[in-house]
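# Coordinate inspection notes
Okay, here's what each chain looks like letter by letter:
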There are 2 protein chains.
Amino acid sequence: MTVEFICVGTELLLGNIVNTNAAFLAEKCAELGLSCYYQTVVGDNRERLLATLKTALERSDIVLLSGGLGPTKDDLTKETVAEALGVPLVEDAASRRLIADFFTRRGMIPTENNWKQALIPQGARAIENKNGTAPGIAISHNGRYVFLMPGPPNELKPMFTHSIMPFLRTLEEDVISSVTVKIVGIGESQAETMVADLMDAQSNPTLAPYAKTGEVHFRITAKAESEEAAAALIAPIADELKARFGEHVYTTEAEVTLEQALTELLMRKKLTMTAAESCTGGMIAARMINVPGVSEVFKAGFVTYANEAKTKLVGVKDETLRAYGAVSSQTAEEMARGAAKAAEADVAVAVTGIAGPDGGTVEKPVGLVYIGCYVCGRVWVKEYHFGGNRMKIRESVTAAALVQLRKRILEYQAKEGEKKDGREQ
Amino acid sequence: MTVEFICVGTELLLGNIVNTNAAFLAEKCAELGLSCYYQTVVGDNRERLLATLKTALERSDIVLLSGGLGPTKDDLTKETVAEALGVPLVEDAASRRLIADFFTRRGMIPTENNWKQALIPQGARAIENKNGTAPGIAISHNGRYVFLMPGPPNELKPMFTHSIMPFLRTLEEDVISSVTVKIVGIGESQAETMVADLMDAQSNPTLAPYAKTGEVHFRITAKAESEEAAAALIAPIADELKARFGEHVYTTEAEVTLEQALTELLMRKKLTMTAAESCTGGMIAARMINVPGVSEVFKAGFVTYANEAKTKLVGVKDETLRAYGAVSSQTAEEMARGAAKAAEADVAVAVTGIAGPDGGTVEKPVGLVYIGCYVCGRVWVKEYHFGGNRMKIRESVTAAALVQLRKRILEYQAKEGEKKDGREQ
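In short, a report on the structure.

Cut-offs applied
- Residues numbered from 1 in each chain as written.
- Chains lettered and ligands numbered in written order.
- Predicted model: local features only at pLDDT ≥ 70, side-chain atom pairs only at ≥ 80, totals over all residues.
- Heavy atoms only, no water.
- Phe/Tyr/Trp six-rings, centres within 6.5 Å; stacked < 30°, edge-to-face > 60°.
- Helix = DSSP H or I, 4+ residues; strand = E, 2+ residues; numbered from the N terminus.
- Buried < 20%, exposed > 50% of the residue type's maximum accessible area, 1.4 Å probe, protein only.
- 1 Å grid on protein atoms, 1.4 Å probe; cavity = no way out; pocket = protein on both sides within 12 Å on 5 of 7 lines; lining within 4 Å.
- Points joined across faces, edges and corners; volume = space filled by probe spheres on them.
- Nonpolar A, V, L, I, M, F, W, Y, C, P; charged D, E, K, R; others polar.
- Contact = heavy atoms within 4.5 Å.
- Buried area = accessible area lost by both parts, 1.4 Å probe.
- Salt bridge = Lys/Arg side-chain N within 4 Å of Asp/Glu carboxyl O.
- Polar contact = N/O pair within 3.5 Å; in protein donor to acceptor, adjacent residues only side chain to side chain.
- Pairing = 2+ DSSP bridges.
- Expected span 1.5 Å × (residues − 1).

## So, the packing of aromatic side chains
The full count for this structure, using the stated rule, is 11 aromatic pairs over all chains. The interplanar angle of 65° and the centroid separation of 5.4 Å between the aromatic rings of Y145(A) and F167(A) together place this pair among those described as edge-to-face. Taken together, the residues span a long stretch of sequence, with Y145(A) in strand β8 (residues 144-149) and F167(A) in helix α6 (residues 153-169) at a distance of 22 residues. The partly exposed category is assigned to F167(A), whose relative accessible area is 31%. Ring centres 5.8 Å apart and planes at 70° place the aromatic pair F102(B) and F103(B) in the edge-to-face group.

This is the structure in structure tokens:
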């Protein structure tokens, strides 16, 4: 079945707020296996809302509306929906009682326009709003389903989850399931080229790429009559992606981020980590510390933006800075070693570069970055050239640093494994 | 003139990402005095995009499209726009050269599908993308204007601001001008209540609030026949806001961020700054270091996530941690003092708190945060209670830390000034 959303609100059209309701509803509908092809934002305007509604009712099985259910005369979603369906508004006794209770509990007296919120289109059903005064409304009309929800996310989200989702679940026979294969260290177009044949062949399951900063995510989605059947359709494609991308795959779980995967790798290998950051200035540490429980492996980090901080906090030698400059392979190496020592950590990542917009030269242009990785005594430094504005460069460096450190830990551990096997001395 | 947006992307329809582009464009269009009546999200699907485009071209003067310009075969925005306008795609030589340069700089070789990004509809003009490989496209067609922009916000935002806005500004005869008064340290609803009379009385200029993390921005927008006339309409309202909000106003320049205002304050007062961060884990330093030239005032920072890091890097006493715990006013105070000492900085901000989702107790719940500010020998600590998920709490703490430090520097300097005047000993 198809679903579409109409989010009503002038504050969305003016950009006063971000439409988080649409993202929430979209994710939930995908989870329900409903196909969402359109989302529209329209203002509190009878004529334009009416036109939008009519189009939606022609092309979608389910229409979810949010906003415009408030008590003021600006709020006209309910009136317009009743008009589109050709039914009058009638008072819902239960809603009137709930509104009265809501005000009594708060020791407040409802104004005349609050009672407007007890009106619903004839033949519709009111949905209790546990977090506000505007009830939701459910309507079944000529084989279409229309749901009206209040605009505030803290009212809409629980109403949708607890009152509307259970009903929608009964409408779909098929189960939709998906797996996300997350890849680092390969660009979007190269990654896509590597699986072009799989994408061409797709119908069920489908394979779709999502580009993130420093990452590519492939989502495999299948429709089947049961969770098990959907999983069976997905598994061979997921295995094929893992085979083709090898250790570039850092997770196949939608919820797991790169920093989480790195944290898990560190925990598994019983390694602690630190970072010495110049141009990223704390972004690597900030990403790691977004992982709950990371304190087991990430205890301390250094923001060494100025030369004196590099010397003082992580022991970069004055002569290194003088001879090679702050943005150099040598400085990155000493930062990585020094950070590991100062934090008493097993692994360290260090970045030094020119994020711009000023400070670039012909020899050392904006975007030049050295990333040093220290793993249990050994250091690797890699030179990068990033493009974009200051923030974009810093985000790219942050992602590259996590990717590079993960790679070095995996390589190092692989070598250690080989040594133990006696294959390498 | 009217404008509408078509945001193309399956990831929006699936709720993988929140549509921040729409909010950004809406805010900018409001600033330009354009009337936005519709925003539509549609997938990477030729037929549905074509239908949406045709409707948009019938009812709006300007259509802004985002997304679907990537190198993959899923990306078909450009192809579909060309089809809707009845023109073929042709290669843009300048775009091809820019793509080649982009890859050369990175030492990478473009794949065949990268060149697809150099194609534009006949008669259109390519817009350089300084932050990615997909150029934007500008088309004038039968009195309508169509603009295509890449989907990633860090590419779309600078392209719109620097390449498209200046052109859109020329379309309106009247000059639209606006001033943004940025406020910190007062909640959104309180701030709105304080200027409700001004908002009610508005017609030209208009006054609109925008809530940001830890900040409220009021935009005053006027329409007039010249820049001077618009400025004259805006000035009295701006003055009134400054009078009502006092030092909560940190800037009246749209482009100036809180971290920039703080950097300028530090430079003006010739003070150096550092940070000791527990739950924010580098986010304060990362925000400061986003300001070009901040190295004059922000040289070093400490991520002291674990207790041992607090002790070792910024000298928090073991007995303080034992007696009061890591999340305490006492620890925040020692972190601030210790960070200033270790970095030899004049001012320091320190944060320690519980960002969740785990680690909360009845006495110290998730969201409890202490922010310590050290200014030239004196320390103030303030207790906060933030709501939301881990990331939201950490963002709120970061904003509050910058706000609090700014306030203490202003207060301290005011006192110093008074001392010099002999009014306080």
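## Overview of empty space enclosed by the protein
With the rule as written, the count across this model stands at two cavities of 30 Å³ or more. Approximately 120 Å³ is the volume found for the largest cavity. Around the largest cavity sit 15 residues that line it, and N19(A), A22(A), Q39(A), N19(B) and V41(B) are the ones nearest its centre. Looking at the lining of the largest cavity, the elements that each hand over two or more residues are α2 (20-31) and β2 (35-42) of chain A together with β2 (35-42) of chain B. In this structure, the second largest cavity occupies an estimated 40 Å³ of space. If you trace the second largest cavity, you find it lined by L12(A), I17(A), V18(A), N19(A), N19(B), A22(B), A23(B) and Q39(B). Here the residues of the lining of the second largest cavity are counted per class, giving five nonpolar, three polar and no charged.

## What about the interface of chain B and chain A?
Across the boundary between the two partners, chain B contributes 78 residues, which contact 77 residues of chain A. Regarding the contact of chain B and chain A, the summed buried area is about 5,800 Å², with carbon and sulfur atoms giving 54% of it. Scanning the region where chain B abuts chain A turns up four salt bridges. E344(A) is the partner of K312(B) in a salt bridge, and the nearest nitrogen-oxygen pair spans 2.9 Å. Counting across the chain B and chain A interface gives 25 residue pairs in polar contact (both at pLDDT 80 or more). Among the elements that make up the side of chain B that touches chain A, the one with the highest residue count is β2(B) (seven residues). The class makeup of the residues in the side of chain B that touches chain A is 39 nonpolar, 24 polar and 15 charged. In this sheet, β2(B) lies alongside β2(A) in antiparallel orientation, the contact comprising five bridges. For T40(A), the partnering residue across the bridge sits in β2(B) and is T40(B).

## Re the pairing of strand β15 (residues 347-353) of chain B
Residue and element names in this part refer to chain B. Among the seven residues in β15, seven count as buried, and that is most of the element. Where burial is concerned, the two faces of β15 agree: the one with V347, V349, V351 and G353 and the one with A348, A350 and T352 are both buried. Where strand β13 (residues 273-277) and β15 come together, five bridges link them in parallel fashion. Among the inter-strand pairings, A276 is bridged to a residue of β15, identified as A350. Taken together, the seven bridges between β15 and strand β16 (residues 368-375) define a ladder with antiparallel strand orientation. Along β16, the bridge assignment pairs T352 with Y370.

## Concerning helix α14 (residues 329-343) of chain A
Compared with the 21 Å implied by 1.5 Å per residue over 15 residues, the 21 Å span of α14(A) between its first and last C-alpha is a close match. Within the sequence span of α14(A), burial applies to T331(A), A332(A), E334(A), M335(A), A336(A), G338(A), A339(A) and A340(A).

## Observations concerning the pattern of salt bridges
For the coordinates displayed, the defined rule picks out 34 salt bridges over all chains. The shortest N-O distance in the salt bridge between E4(A) and R59(A) comes to 2.8 Å. Linking E4(A) in strand β1 (residues 2-8) with R59(A) in helix α3 (residues 46-59), this pair joins segments that are 55 residues apart in sequence. Overall, E4(A) belongs to the buried group, its relative accessible area being 0%. Through salt bridges that share partners, E27(B), K28(B), E31(B) and R219(B) make up one connected network.

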